[in-house]
Every structure is written in structure tokens, then in C-alpha cells.
Amino acid sequence: PVLLGCGSAQPGGCPALCECSEPAKTVKCVNRNLTAVPPDLPPYVRSLFITGNPLTDLPAGALPAQRLPDLASLNLSGNHLRTVEAGSLALPALRQLDLSGNALVSFSPEAFGEGGSPLEELALRGALRNHSVLLSLAALLQSGALPNLSRLELADNGLLLLPTGMFTALPALRQLDLSNNSLVGLRNVSFQGLGQLQSLNLSDNSLGVLWNSTLAQFRSLPALQHIMLGHNSWVCDCAIEDLVAWLKESDQVEGKEALTCASPDKMLGKALLKINGSDLNCSVPIDLPSQLQTSYVFLGIVLALIGAIFLLVLYLNRKGIKKWMHNIRDACRDHMEGYHYRYEINADPRLTNLSSNSDV
């Protein structure tokens, strides 16, 4: 039975403005104009829904672990949450957390307490519009506080780039949703260590190319069988050859037949799987770092060759150079002797007078 909240709650009863079902272990406080988490939640609750309320802050103690030892699923989506404070989510049985649709400004890296959390699913769809919150979340994930996290949803956040090493401490992660963002590249993103990752959604972003380093990571993940890449801005020039080759040989990408070029104009709408070398007019694959490395090596070889030729010329002309140095030394010595002679004349008054009389 569903018991509607009255003016006050009985011990183990239902808070005002909430709907409770003790057999289902569920409490729902939906669209009730709540500005804070009800303090009298029944201890039997396992699934708690507080959605569609003007709730702005989740302080420590709002969800006391001692009173809510069995709370496993917490849905706080669609509120006005701005801050999630340290210790506010330190619940011993919490497995699912949904913070989607909030305008988060501050998310404490210690939100789940000092020890590790049993959390398995975290949904943050449309909740990370503030860049500082993204950095705080990255710090939280990298801290190892969520070792059991298997599903992470970061869709609809307008993300351009992801912090380096954001996912390196999530060994149990199986599903990662990065769809409907504005990601322009993945070169600074590491998927190493995600040996359990099965599904990666990168659709509806602004990806123009995937480089060899990223493709190599995809190949190295044994469980990764579902990669979504639809609705991206693929740039079909020489740099896309590696991606095309990988698509043709890999079974990891879902719906790869529908992937098409967004630019340049001559390739607009062409299927990536139908691209060949003659379409791109490339002799070798282009990878800018590799090109720069090759250029530096070539420059070093040229400079070494020039140096060797210079030393060889010096060696072959060593006698002429030695004679030239002697001539310069003799000329400098004669010049200095002339200066010394004139100094002696100027320093002796008798010689000075003699010089004057001689002039007369």
C-alpha cells in the first residue's frame, strides 16, 4: 500500500509531502517544492526519489548513514542542486546515484566519505556544465573512492575536452556514456586499465578523427565490444586513413556503415567504409607527432654532416691555416711594437723636444 504523507511522520512512517511503500522499501518525494531532504525518512527505505524540487544544497548529514543503512538507490535528478558537500553521500549500501538535470557548481571529491564507496552506477547527465565541477569529479574518480563503479553516464554536458587520466582508477567500469557532448578529441584521454569496459558511447560529438594512440587503446581492451561513433564531424583527409583501416577490420563499432564524412566538401556524405587511398590522394598516413619527430632526426643528420665537412676542411688546410695564424701573430706583434715605440717617445721629455726641433 502507498501511504500519503501527513503533517508529521510516525517512527518508521512517511515524511510529509512524500509517498511511501514499506513493502517495496520505496519513498518518493516528487515535485513537492522541497528545499531540503526530509529529516524523518523511514529507516527501511532502499529506493529514495527526491526529484523536481527546488533543492539547492546537499550537506553532510542530510542522509545520515546510521538512519539509512539500507539505502541502495538514490535519485536526486531534476532538482536545483548546486553543491554536494563532503560526506553527504557516505552511505554504506549505496549502489545507484542519479544527479542528472542539476546545475552543479561544487562537487566535493570527499562526497562519498573517506573510505571507498560501494557505488556501482553514477548518472550525471546534464549536470556538469560548470568546468570546475568537471575537475572536481575527475579528482573524485582518480582518488579511487569508487572502485566498484561499473556504469558512468556523462552525456548532455557540452564537454569539449576531458581531464587527463580521468578514468584511470575505475577498474570495474563496464559502461561509459559520453554521448551528446562537444568532444573534439580524445588524445589526452586514457582508457588503459579499463579491462572490464564493454560499452563506450561517443555518438553526437564533434570528433573529426581518432588517432592511432586512441585506436591502439581500443584494440587493447579485451571486453570492449560496443563502440558508438555516430553523428560526429569526421574530417576525411589524409589523417583519417588509420581510422578507416581500423573500421574495416574491427567488429567493435556499432552501425559503422552509417558513418559519413562531414568535410571537406568533395567528400561530404561519403561513407567512411567506402573511402580508399585514391579518394584521399595520400602516399603515407599523416601523424603530426611522427612527422615532427622525423623532421628533427633529419635536421640532426644534416647538422652533423655539415659539422663533419667543416672539420674535414680544417684538417685538409691545417698547414695553410697555421701559416695564416703565424702571419696574423707577426702583424699584431709589429703593430704592438710600433705602439710601444711611440709610447716611449712621448714619455721621455728629451725625445719629445728632439722630435719638436726636428720638425722645425
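Within an unreviewed UniProt entry, the label attached to the protein reads TPBG protein, and the organism entered is Anthoscopus minutus.

A.B. asks: Help me out: how do you make sense of the overall build of the protein in this one?
C.D. replies: A tally of regular secondary structure across the protein gives seven helices and 17 strands. The long-range fraction of contacts in the protein, counting pairs at least 24 apart against all pairs at least 6 apart in sequence, stands at 59%. Accessible surface, the protein as shown: approximately 19400 Å² in total, 57% of it carbon and sulfur.

A.B. asks: What should I look at first to understand the sheet that holds strand E7 (residues 83-84) in this one?
C.D. replies: Strand pairing in a sheet relies on backbone hydrogen bonds, with the paired strands running either antiparallel or parallel. Pairing is parallel in the open sheet, where three strands are placed in the order E5-E7-E9. Each of the sheet's edge strands pairs with one partner strand only, and the pair in question is strand E5 (57-58) and strand E9 (106-107). Looking at chain direction, E5 and E7 are connected through two bridges and run parallel. Directly across from Asp57, in E7, lies its bridge partner Thr83.

A.B. asks: Would you mind going over the pairing of strand E3 (residues 26-30) with me for this structure?
C.D. replies: Where a strand is regular, its side chains alternate between the two sheet faces. Across three bridges, the pairing between strand E2 (residues 19-21) and E3 is antiparallel. By the bridge assignment, Cys20 is partnered in E3 with Val27. As consecutive antiparallel partners, E2 and E3 are separated by four residues, and within that stretch Lys25 has a phi angle of approximately 55°, a positive value. With five bridges connecting them, E3 and strand E4 (residues 47-51) associate as parallel partners. Directly across from Val27, in E4, lies its bridge partner Leu48.

A.B. asks: Help me understand the pattern of salt bridges, please; the structure alone is not making it clear to me.
C.D. replies: Between side chains of opposite charge, a pair can form as their charged atoms come close. Here the structure, examined in full by the defined rule, presents eight salt bridges. The residue Arg125 makes a salt bridge to Glu153 at a minimum N-O spacing of 2.5 Å. Here Glu153 lies in strand E11 (residues 151-153) and Arg125 lies in the loop between strand E10 (121-123) and helix H1 (131-142), a separation of 28 residues in the sequence. Judged by its relative accessible area of 30%, Arg125 is partly exposed. Using a relative accessible area of 12% as the deciding quantity, one classes Glu153 as buried. The shortest N-O distance in the salt bridge between Glu249 and Arg219 comes to 3.3 Å. Here Glu249 is found in helix H3 (residues 241-249), whereas its partner Arg219 is found in helix H2 (residues 212-220), with 30 residues between them in sequence. Residue classification places Arg219 among the partly exposed positions, given a relative accessible area of 44%. When salt bridges with common partners are traced through the structure, they connect Arg125, Arg151, Glu153, Asp156 and Asp177 into a single cluster.

A.B. asks: Hey, could you run me through the UniProt feature "domain: LRRNT" (unreviewed entry) in the protein in this one?
C.D. replies: UniProt marks residues 13-47 with the feature "domain: LRRNT" (unreviewed entry), using the numbering shown here. For residues 13-47, the helix share is 0%, the strand share is 26%, and the end-to-end C-alpha distance is 15 Å.

A.B. asks: How do you make sense of the UniProt feature "transmembrane region" (unreviewed entry) in the protein when you look at a structure like this?
C.D. replies: Those places that UniProt annotates as "transmembrane region" (unreviewed entry) correspond, in this numbering, to residues 296-316. The span residues 296-316 carries 100% helix and 0% strand; its end-to-end C-alpha distance comes to 30 Å.

A.B. asks: What am I meant to see in the state of the cysteines here?
C.D. replies: This structure, assessed with the given rule, holds three disulfides. A disulfide bridge connects Cys14 with Cys20, and the sulfur atoms are separated by 1.9 Å. Here the S-S torsion is close to 75°, and the disulfide linking Cys14 with Cys20 is therefore right-handed. Residue classification places Cys14 among the buried residues on the basis of a relative accessible area of 9%. By relative accessible area, Cys20 is classed as buried at 2%. Across the disulfide, Cys236 is cross-linked to Cys261 (sulfur-sulfur distance 1.9 Å). The disulfide joining Cys236 to Cys261 has a torsion of about -95° about its S-S bond and is therefore left-handed. Note that Cys236 is positioned in the loop between strand E15 (234-235) and H3 and Cys261 in strand E17 (residues 261-263), a separation of 25 residues in sequence. Cys261 matches Cys236 in its accessibility class, with the two residues each being buried.

A.B. asks: Explanation requested: H2 in the structure shown.
C.D. replies: Because an α-helix completes one turn every 3.6 residues, residues spaced three or four positions apart along the sequence face the same direction. Considered for burial, the residues of H2 that qualify are Thr214, Leu215, Gln217 and Phe218. All buried residues of H2 fall inside an arc of 155° around its axis, so they share one side. Among the structural elements, strand E13 (199-201), strand E14 (226-228) and H3 are those in contact with the buried residues of H2.

Criteria and cut-off values
Residues numbered from 1 in each chain as written. Predicted model: local features only at pLDDT ≥ 70, side-chain atom pairs only at ≥ 80, totals over all residues. Heavy atoms only, no water. Helix = DSSP H or I, 4+ residues; strand = E, 2+ residues; numbered from the N terminus. Contact = heavy atoms within 4.5 Å. Areas by Shrake-Rupley, 256 points an atom, 1.4 Å probe, with all protein chains shown as cover. Pairing = 2+ DSSP bridges. Salt bridge = Lys/Arg side-chain N within 4 Å of Asp/Glu carboxyl O. Buried < 20%, exposed > 50% of the residue type's maximum accessible area, 1.4 Å probe, protein only. UniProt positions renumbered as here; feature names shortened; annotations may be inferred. Disulfide = S-S within 2.5 Å. Arc of directions from axis to C-beta.

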